[in-house]
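As a plain string of letters, each chain reads:
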Amino acid sequence: AQTVTQSQPEMSVQEAETVTLSCTYDTSENNYYLFWYKQPPSRQMILVIRQEAYKQQNATENRFSVNFQKAAKSFSLKISDSQLGDTAMYFCAFRLNTGNQFYFGTGTSLTVIP
Amino acid sequence: DAGVIQSPRHEVTEMGQEVTLRCKPISGHNSLFWYRQTMMRGLELLIYFNNNVPIDDSGMPEDRFSAKMPNASFSTLKIQPSEPRDSAVYFCASRRGEGAQAFFGQGTRLTVV
């Protein structure tokens, strides 16, 4: 079975500072994808960044980057130069290469303080 | 707690048939979400309930889709009539309140042929 754990229910960061959200997962499979989704007050789920497990290079999307440690099964999200609009719930998710089955963490509520 | 329970896990149906997806949220949670996940559109919010009342259903694609939450422990998402483009994985999630962590079910994989 696959599980995803986000151990930080809430976090806050000062505007323009950097924050790291933690995510660990458990799987016996070798081929999978990892995702970070942002859920703003609209409650839509917006894809922030995605990582293929076979790639050693950490994914980066503008101010968002990940630290993917496959051996440790860790997938943290770093947000640089935090902006007020980054305030949201962030979900870590996992999907095997085969099929559409997603596994979600329980989320981390991030507040960016002006 | 068994977590958010969705049924069925897989559903294959013929075009034109009615499909009902079910969700049992975690006891004590007062918010419930239905999401649809496709490769093309990613994860879309369909509807959001708070205290059994639909708060935001703007994501419901069209009149063929309807959702109900008759009580705090049960919700349904119905598609009638179903179409092949409805094929997707449908997720249900619940949480205790605004800003609280959310718990997702394992999803229902719907295939309309």
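Keep in mind it's a predicted model, so treat the numbers as computed, not measured.

Peer 1: Any details on the overall build of chain A? Residues and values, ideally.
Peer 2: From N to C terminus, chain A includes zero helices and 12 strands. In sequence order, chain A lays out its α and β elements as β-β-β-β-β-β-β-β-β-β-β-β. Taking 114 residues into account, the globule formula puts the C-alpha radius of gyration at 13 Å, and chain A, at 14 Å, falls close to it. A principal-axis box enclosing the C-alpha atoms of chain A has dimensions of 40 × 25 × 20 Å. Within the span of chain A, comprising 114 residues, buried residues form 52% of the whole.

Peer 1: Can you break down the pattern of salt bridges residue by residue, with the values?
Peer 2: Using the criterion set out here, one finds 12 salt bridges over all chains in the structure. Between Asp86 of chain A and Arg63 of chain A there is a salt bridge, with the nearest N and O atoms lying 2.8 Å from each other. Placement of the pair is Asp86 of chain A in the loop between strand 9 (74-79) and strand 10 (88-96) and Arg63 of chain A in the loop between strand 7 (60-61) and strand 8 (64-69), with a sequence separation of 23 residues. The partner of Glu62 of chain B in a salt bridge is Arg85 of chain B, with the nearest N and O atoms 3.2 Å apart. Taken together, the residues span a long stretch of sequence, with Glu62 of chain B in the loop between strand 6 (53-56) and strand 7 (65-71) and Arg85 of chain B in the loop between strand 8 (74-79) and strand 9 (88-95) at a distance of 23 residues. In this structure, a network of salt bridges that share partners links the residues Glu62, Arg64, Glu83, Arg85 and Asp86 of chain B.

Peer 1: I'd like a rundown of the state of the cysteines, residues and numbers included.
Peer 2: Tallied over the entire structure, the rule returns two disulfides over all chains. The residue that forms a disulfide with Cys23 of chain A is Cys92 of chain A, at a sulfur-sulfur distance of 2.0 Å. Taking the torsion about the S-S bond as the criterion, the Cys23 of chain A to Cys92 of chain A disulfide, at about -70 degrees, is left-handed. Here Cys23 of chain A is found in the loop between strand 3 (19-21) and strand 4 (24-26), whereas its partner Cys92 of chain A is found in strand 10, with 69 residues between them in sequence. Exposure class is identical for Cys23 of chain A and Cys92 of chain A. Each is buried. The side chain of Cys23 of chain B participates in a disulfide bridge whose partner is Cys92 of chain B; the two sulfur atoms lie 1.9 Å from each other. Looking along the S-S bond of the Cys23 of chain B-Cys92 of chain B disulfide, the torsion reads about -65 degrees, which is the left-handed sense. One end of the pair, Cys23 of chain B, is in strand 3 (residues 19-24); the other, Cys92 of chain B, is in strand 9, with 69 residues separating them in the sequence. For the residue pair Cys23 of chain B and Cys92 of chain B, the accessibility class agrees, reading buried in each case.

Conventions we followed
Residues numbered from 1 in each chain as written. Chains lettered and ligands numbered in written order. Predicted model: local features only at pLDDT ≥ 70, side-chain atom pairs only at ≥ 80, totals over all residues. Heavy atoms only, no water. Helix = DSSP H or I, 4+ residues; strand = E, 2+ residues; numbered from the N terminus. Rg over C-alpha atoms; globule rule 2.2 N^0.38 Å. Buried < 20%, exposed > 50% of the residue type's maximum accessible area, 1.4 Å probe, protein only. Salt bridge = Lys/Arg side-chain N within 4 Å of Asp/Glu carboxyl O. Disulfide = S-S within 2.5 Å.

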